[in-house]
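Examination of the molecular architecture
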Amino acid sequence: MTDDTASLGPSIWAVSDGRDGNAAQVKSIVQALNETQRWMRIAHIQADGHRNSALTLEVPPPFSWLPSSWNKLARSSLPLDQKAALDAPWPTLWVAAGRRTAGFSAGVRNWSGGKTMTVHVLTPDLPSSEFDLIVAPQHDDMSGDNIIQTVGSPAHFSADDIEAAGLAFADLADERGRSAVVVLGGDSKAHTFDNASAERLDVHIRAVASAGWRLRITCSRRTPVFARAHFRSLADEIGARFWENPTDGPNPYLAWLLFSDAAIVTEDSANMLSDAAYFGLPIHMARLTGSSSKFDRLHKSFIDHGCAKWLHRALDTWTYEPLREADRVADLIVTELLKRHPQPDIPSADVVKPDWL
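Here goes a summary of the coordinates provided. (Residues numbered from 1 in each chain as written. Predicted model: local features only at pLDDT ≥ 70, side-chain atom pairs only at ≥ 80, totals over all residues. Heavy atoms only, no water.)

1. A closer look at the overall build of the protein chain
Helix and strand content of the protein chain: twelve helices and twelve strands. Against the globule reference of 21 Å for 357 residues, the protein chain gives a C-alpha radius of gyration of 23 Å, in line with a compact fold. Principal-axis analysis of the C-alpha atoms places the extent of the protein chain at approximately 75 × 65 × 40 Å. Here the protein chain, with 357 residues, has 50% of them falling under the buried criterion. Excluding contacts between residues fewer than 6 apart, the proportion of contacts in the protein chain whose partners are at least 24 apart in sequence is 70%. In the structure as shown, the protein chain presents an accessible area of about 17,000 Å², 52% of it carried by carbon and sulfur atoms. Averaging the coordinates of the 35 positive side-chain charges in the protein chain and doing the same for the 44 negative ones gives two points 4 Å apart. (Helix = DSSP H or I, 4+ residues; strand = E, 2+ residues; numbered from the N terminus. Rg over C-alpha atoms; globule rule 2.2 N^0.38 Å. Buried < 20%, exposed > 50% of the residue type's maximum accessible area, 1.4 Å probe, protein only. Contact = heavy atoms within 4.5 Å. Areas by Shrake-Rupley, 256 points an atom, 1.4 Å probe, with all protein chains shown as cover. Lys, Arg positive; Asp, Glu negative; His and termini not counted. Charge placed at Lys NZ, Arg CZ, Asp CG, Glu CD.)

As structure tokens, then:
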């Protein structure tokens, strides 16, 4: 819902289609924009349309089966609460992700009379000219004057969240040196986490544990039930930590990224790979069953950038500059906003020094 309280600075709408991966990328970019050093540069922009929560646009079937170009013409396809939220006053900046929101990203640019700057994350099935900026991963092979190419996804973790995680799991700091986080994905359009994948990864993890590495294993919402049970049992057997849901205690994911020395990540998720790269962890990609040319390009981009290699039965360590793509994207967005809304000139004034200086 729209926040009616007086707010300072530009209004930013964070928009997704309800898919976790898409929402995470939007959240990362908006968090990066909210970092103090960036917000101070754009805080002079006064606007209406401030929101106190993200906006989820879930177009139901059969409308969701239609091309994105249809969505920008027919807000009537949305559920009533979402339809009511998608209305003026329009924001200064719109940041959305996913094909299903692409039509709305293009639409709000027109509905606002061009006043709203639109940033669409991930490759839309619309011409790039329909948007002000498109944030697309290198492996989508999309280029143009208004295209920001990223290696993987624009991951971001706020300084406050990192500090809180570090304090909540401070004991992990004593386990640095040979600690590795294992991040399990799941089934997707390109990959299947089947029994063969689990058995292959089991062999690798046992070898890594036998080499003296302390392992911390977590899974995603997409991880199959059998794989959760398999690797929970394996964790108990080899003395590793395992986290699946709140019944296992507070979520240690961020702390495990912060206090680990390497990462094993299944190959199926750009977001999971990017999370590990955000902390500069040497990433060992674990193969699942299946492949696609798009993911082949994703994996190559991480390897070429020096972030990752394929998992074998031993872990290597190396260093590289942490991958902070959300920060880079946010800086480029700020630059474009300042072209539209230049910072006001601050008149100089004589400064009278106190006698004691």
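2. Notes on the side chain of Thr101
Position of Thr101 among the secondary structure elements: in helix H5 (residues 99-111). The exposure class assigned to Thr101 is buried, which follows from its relative accessible area of 0%. A distance of 2.9 Å separates a polar atom in the side chain of Thr101 from the backbone oxygen of Ala97. For Thr101, the residues in contact, after removing those within four places along its chain, are Val15, Ser16, Asp17, Leu57, Ala96 and His120. (Polar contact = N/O pair within 3.5 Å; in protein donor to acceptor, adjacent residues only side chain to side chain.)

3. Here we look at unusual backbone geometry
The omega angle of the peptide bond from Ala88 to Pro89 is 5 degrees, so this bond is cis rather than trans. Note that Pro89 resides in the loop between helix H4 (80-85) and strand S3 (93-97). Located in the positive-phi region is Leu122, a residue other than glycine, with phi close to 80 degrees. Summarising the element assignment, Leu122 is placed in the loop between strand S4 (117-121) and strand S5 (133-137). Despite not being glycine, Asp141 shows a phi value in the positive range, around 55 degrees. Locating Asp141 in the fold gives a position in the loop between S5 and strand S6 (147-150). The exposure class of Asp141 is exposed, given its relative accessible area of 64%.

4. Looking at the packing of helix H7 (residues 195-210) against helix H8 (residues 225-238)
Between H7 and H8, the shortest axis-to-axis distance is 11 Å and the interhelical angle comes to 15 degrees. Classified by the angle their axes make, H7 and H8 are roughly parallel. Crossing hand, H7 versus H8: right-handed. Counted together, Asn195, Ala198, Glu199, Leu201, Asp202, Ile205, Arg206 and Ala209 of H7 and Phe226, His230, Phe231, Leu234, Glu237 and Ile238 of H8 form the full contact between these two elements. For the contact of H7 with H8, the class distribution of residues is eight nonpolar, two polar and four charged. (Axes fitted to C-alpha atoms, helices over the stretch in contact; angles between N-to-C directions. Parallel < 35°, antiparallel > 145°, perpendicular 65-115°, else oblique. Left-handed = near helix turned anticlockwise from the far one by under 90°. Nonpolar A, V, L, I, M, F, W, Y, C, P; charged D, E, K, R; others polar.)

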